[in-house]
Amino acid sequence: MNAQGKTYQLKAERRTDFTRSSLRELRQKGRIPGVVYGADMESTALHVDSREFAKLARVGRTEVFQLQIEGMKPVQALIKDVVKGDGAYAHIDFQQVSANHPIRIHVPIEYVGTPVGVKKGGILQTQETNLEIEGLPAHLPSVIQVDISTLRIGGKLLVEDVQVPEHIHLISHKNELLVSIVTQRGMEEAEGEEESLAEAPAAIEA
């Protein structure tokens, strides 16, 4: 249920044919193969309408919705993982959730503000755009905003610097680098080191 009290729904049909030809036929008909699993249910293969799923995906990866599977009781679920191929959805993992059981998910980071270092000629390097968190379904945010306006040239932002909402735990490693502000020279030196490392094996073989 979202902040406005609306419960999103998605209809699904069970898959019984697991051949490659059946997968190709499903996708040609505008269906996306997938699976739903959870602590309170057996893993179930299914397929959903691609247009209906696209609408749900726009709502957010942390939005709990009602998955209505033909011949089964409705399942409270969220989008766990999405695989894309040739610009289209190729496979989806749904996770069944319980209001009283915490779950782990990846949520997008929204970087807010223009860093001081960028205003003075520095370059913003973004290393990570998602954070892994854990919490009860009702507490999961759809996005985590991070203010980077105070970062100066040479400054870095690590996972441990991020403040998450109450009742949410960070799973991503605390020392993981999220963003940094570097000079043009710093970027050229870093690129030079990468090229040297890439050429090293060839030199050894010679």
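About the thresholds
- Residues numbered from 1 in each chain as written.
- Predicted model: local features only at pLDDT ≥ 70, side-chain atom pairs only at ≥ 80, totals over all residues.
- Heavy atoms only, no water.
- UniProt positions renumbered as here; feature names shortened; annotations may be inferred.
- Buried < 20%, exposed > 50% of the residue type's maximum accessible area, 1.4 Å probe, protein only.
- Helix = DSSP H or I, 4+ residues; strand = E, 2+ residues; numbered from the N terminus.
- Pairing = 2+ DSSP bridges.
- Core = buried A, V, L, I, M, F, W, Y, C linked by side-chain atoms within 4.5 Å.
- Contact = heavy atoms within 4.5 Å.
- Phe/Tyr/Trp six-rings, centres within 6.5 Å; stacked < 30°, edge-to-face > 60°.
- Polar contact = N/O pair within 3.5 Å; in protein donor to acceptor, adjacent residues only side chain to side chain.

- An unreviewed UniProt entry annotates the chain as Large ribosomal subunit protein bL25 of Paenibacillus alvei.
- The UniProt entry for the chain carries the following comment under Sequence similarities (unreviewed entry): "Belongs to the bacterial ribosomal protein bL25 family. CTC subfamily."

What about the pairing of strand E10 (residues 144-147)?
Logical step 1: By the alternation rule, side chains of E10 split into Ile 144 and Val 146, which are all buried, and Gln 145 and Asp 147, of which none is buried.
Logical step 2: Judged from the four bridges that link them, strand E7 (residues 103-112) and E10 form a sheet pairing that is parallel. Paired with Tyr 111 across the strands is Val 146, a residue of E10.

Quick notes on the nonpolar core
Logical step 1: Leu 131 and Ile 133 are the most contacted members of the largest nonpolar core, which totals 21 residues.
Logical step 2: When residues of this core are traced back to their parent elements, those giving at least two are E7, strand E9 (130-135), E10 and strand E13 (177-182).
Logical step 3: With four residues, E7 is the single largest residue contributor to this core.
Logical step 4: When residues no more than four places from it in sequence are discounted, the contact partners of Ile 133 are Ile 103, Arg 104, Ile 105, Val 107, Leu 140, Pro 141, Ile 144, Ile 168, His 169, Leu 170 and Ile 171.

Focus on the packing of aromatic side chains
Logical step 1: A full pass over the atoms with the stated rule returns three aromatic pairs.
Logical step 2: Between the aromatic rings of Phe 53 and Tyr 89, the centroid separation amounts to 4.9 Å while the plane-to-plane angle is 90°, which identifies the pairing as edge-to-face. In this pair, Phe 53 sits in helix H2 (residues 50-59) while Tyr 89 sits in strand E6 (residues 88-96), placing the two residues 36 residues apart along the sequence.
Logical step 3: Of the residues examined, Tyr 89 reaches a relative accessible area of 25% and is grouped as partly exposed.
Logical step 4: For the ring pair Phe 65 and Phe 94, a centre distance of 5.8 Å and an interplane angle of 70° mean the geometry is edge-to-face. With a gap of 29 residues between them, Phe 65 in strand E4 (residues 65-69) and Phe 94 in strand E6 connect regions that are remote in the sequence.
Logical step 5: Taken together, the aromatic side chains of Phe 53, Phe 65, Tyr 89 and Phe 94 make up a single cluster linked through ring pairs.

Examining the sheet that holds E10
Logical step 1: The strand order across the open sheet formed by four strands is E10-E7-E9-E12, and the pairing between neighbours is mixed. Edge positions in the open sheet fall to E10 and strand E12 (169-170), since each of these has one partner strand only.
Logical step 2: Pairing of E7 with E9, which is carried by six bridges, proceeds in the antiparallel orientation. Following the sheet pairing, Val 107 is matched in E9 by Leu 131.

Some thoughts on the side chain of His 47
Logical step 1: The residue His 47 is located in strand E3 (residues 41-49) in this model.
Logical step 2: A polar atom in the side chain of His 47 sits 3.0 Å from the side chain of Arg 31.

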